[in-house]
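Close look at the chain arrangement
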Amino acid sequence: MQFGIFTVGDVTTDPTTGHTPTEGERIRATVAIARKAEEVGLDVFATGEHHNPPFVPSSPTTLLAYVAAQTERIILSTSTTLITTSDPVKIAEDFSVLQHLSGGRTDVMLGRGNTGPVYPWFGQDIRQAIPLTVENYGLLRRLWREETVDWEGRFRSALQGFTLAPRPLDDVPPFVWHASIRTPEIAELAAYFGDGFFANHIFWPASHTRELVGLYRRRFAHYGHGTPEQAVVGLGGQVFMRPDSQDAVNEFRPYFDNAPVYGHGPSLEEFTRQTPLTVGSPAEVIERTLGFREYVGDYQRQLFLIDHAGLPVKTVLEQLDLLGEEVVPVLRREFARDRPAGTPAGPTHASLLRAREDATDEGEAEAR
């Protein structure tokens, strides 16, 4: 089981002080948060991709490469890379370079993006989001796996005799997660290729996540990749903690009420009842997170959003201390307890390399 954090990289005014960080301050704060995540023992740091204010992570692989140079162990991912508006050739190149720079501490989460105006900025039409996703991902897979690619599609110019440079580290592509908040077609795409499926798990009730993950698991087995329980699942979530539950609620309320994504809507109490958002003590976060297994089964990766809505860096670093010292150690122990045999571990470059070598050995044995 892998635990980590993800950021959407919003630049939001702190409603309690009126301070609005500059874009540079927000970027530098994100780097400090990533370093702290490794320091407290988390496994994954992931950044979103946005091309519109009030967000700053328009070049996630640039940020992740900078973080890679200042860390040694943590897996660096995206949350998400826009497969619809980003050219598959550029995605393939950028992540191959990041693999080499990070020593393989790289995977990629692909998503469609839900900001309509971004699509025409990159010459695309949001009404074609699903066909774009399917076509672009099909090309991306080939670029990482084939030495020379001849390809023709609907949405970009054809490729003739194209060779990716650099090739993926050890000729093993990064592990791919397909992320969705609400779209069953994305769960189907992940299942078809035997990739991971990441349910954002922030804005919707448990019943919705149960259906989406259940669909992915059934279709994963249908396509012959293993049992439903062997499908690779990740979940998002947001938490805010203080030792005393009421202190957490009181401190987080103004941030929630003014958040650019879900502020000015349902109350904090309504939202925490109806979604996985957890605001309270570390013990409450542990209890709520352990409950996710009841409707998605045993899964491989849990990422928390902790730096949204104008929270000051000092507060975010305190949240990381609580995660690293009080929450994640308990979650690791409890998730490992009674975990069924055969449940996959969280993917790493080393595990992918091992799997390829095992498949090669198996093929050679059959040939003999």
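Residues numbered from 1 in each chain as written. Predicted model: local features only at pLDDT ≥ 70, side-chain atom pairs only at ≥ 80, totals over all residues. Heavy atoms only, no water.

For the protein chain, the count of helices and strands is 13 helices and 13 strands. Relative to its length of 368 residues, the protein chain is compact, with a C-alpha radius of gyration of 20 Å against a globular reference of 21 Å. Projected onto the principal axes, the alpha-carbon positions of the protein chain cover approximately 65 × 50 × 40 Å. Within the protein chain, residue pairs in contact and separated by at least 24 positions form 72% of the contacts whose partners lie at least 6 positions apart. Taken as a whole, the protein chain presents about 15800 Å² of accessible surface, with 52% of it coming from carbon and sulfur. Each charge class in the protein chain can be summarised by its mean position, and for the 34 positive and 49 negative side chains these summaries are 2 Å apart. (Helix = DSSP H or I, 4+ residues; strand = E, 2+ residues; numbered from the N terminus. Rg over C-alpha atoms; globule rule 2.2 N^0.38 Å. Contact = heavy atoms within 4.5 Å. Areas by Shrake-Rupley, 256 points an atom, 1.4 Å probe, with all protein chains shown as cover. Lys, Arg positive; Asp, Glu negative; His and termini not counted. Charge placed at Lys NZ, Arg CZ, Asp CG, Glu CD.)

So, on to the pattern of salt bridges. Taken as a whole, this structure holds 22 salt bridges when the rule is applied. Here Arg26 and Asp10 are joined by a salt bridge, their closest N and O atoms 3.4 Å apart. In this pair, Arg26 is assigned in helix α1 (residues 23–39) and Asp10 in the loop between β1 (2–7) and α1, connecting sequence segments 16 residues apart. Taken as a pair, Arg26 and Asp10 share a single burial class, namely buried. With a closest N to O distance of 2.8 Å, Lys90 and Asp94 form a salt bridge. Here the residue Lys90 and the residue Asp94 both occupy positions in helix α3 (residues 88–102), the gap between them amounting to 4 residues, near one helical turn. Residue classification places Asp94 among the partly exposed residues on the basis of a relative accessible area of 22%. Sharing partners across several salt bridges, the network here consists of Arg242, Glu251, Lys314 and Glu318. (Salt bridge = Lys/Arg side-chain N within 4 Å of Asp/Glu carboxyl O. Buried < 20%, exposed > 50% of the residue type's maximum accessible area, 1.4 Å probe, protein only.)

We now examine the nonpolar core. By size, the foremost hydrophobic cluster in this structure holds 95 residues, and its most contacted members are Ile5, Phe197, Tyr216, Phe252 and Leu323. With residues up to four places along the chain from it excluded, the contact list for Ile5 reads Ile33, Ala37, Leu42, Val44, Phe45, Ala46, Leu303, Phe304, Ile306, Leu320 and Leu323. (Core = buried A, V, L, I, M, F, W, Y, C linked by side-chain atoms within 4.5 Å.)

Our focus in this paragraph is the packing of α3 against helix α5 (residues 129–145). Following both chains from N to C, one finds α3 and α5 inclined at 40°, their axes separated by 9 Å at the closest point. Taken together, the axes of α3 and α5 lie oblique to each other. Regarding α3 and α5, the two cross each other, and that crossing is right-handed. Here α3 contributes Pro88, Val89, Ile91, Ala92, Phe95 and Ser96 to the contact with α5, which in turn contributes Asn136, Leu139, Leu140, Leu143 and Trp144. Each residue belonging to the contact of α3 with α5 can be placed in one class, and the counts come to 9 nonpolar, 2 polar and no charged. (Axes fitted to C-alpha atoms, helices over the stretch in contact; angles between N-to-C directions. Parallel < 35°, antiparallel > 145°, perpendicular 65-115°, else oblique. Left-handed = near helix turned anticlockwise from the far one by under 90°. Nonpolar A, V, L, I, M, F, W, Y, C, P; charged D, E, K, R; others polar.)

A few words now on the packing of aromatic side chains. Inspection of every chain in the model, using the stated rule, returns 12 aromatic pairs. Between Tyr192 and Phe193, the ring centres sit 5.0 Å apart and the planes meet at 90°, which makes this aromatic pair edge-to-face. Judged by its relative accessible area of 24%, Phe193 is partly exposed. Taking 5.4 Å as the distance between ring centres and 35° as the angle between the ring planes, the aromatic pair formed by Phe197 and Tyr216 counts as tilted. With Phe197 in strand β9 (residues 196–199) and Tyr216 in helix α7 (residues 206–222), the pair connects residues that are 19 residues apart, well separated along the chain. Here Phe197 falls in the buried class, since its relative accessible area comes to 0%. (Phe/Tyr/Trp six-rings, centres within 6.5 Å; stacked < 30°, edge-to-face > 60°.)

Turning our eyes to something else, we now look at α7. For α7, built from 17 residues, the straight-helix expectation of 24 Å at 1.5 Å per residue is met to within 8% by its first-to-last C-alpha distance of 24 Å. For α7, the complete set of buried residues consists of His208, Thr209, Leu212, Val213, Gly214, Tyr216, Arg217 and Phe220. Where the residues of α7 are buried, they touch β8 (175–180), α6 (184–193), β9, β10 (233–235) and α11 (293–296). One or two steps after α7, the chain reaches Gly224, where phi turns positive at roughly 85°. (Expected span 1.5 Å × (residues − 1).)

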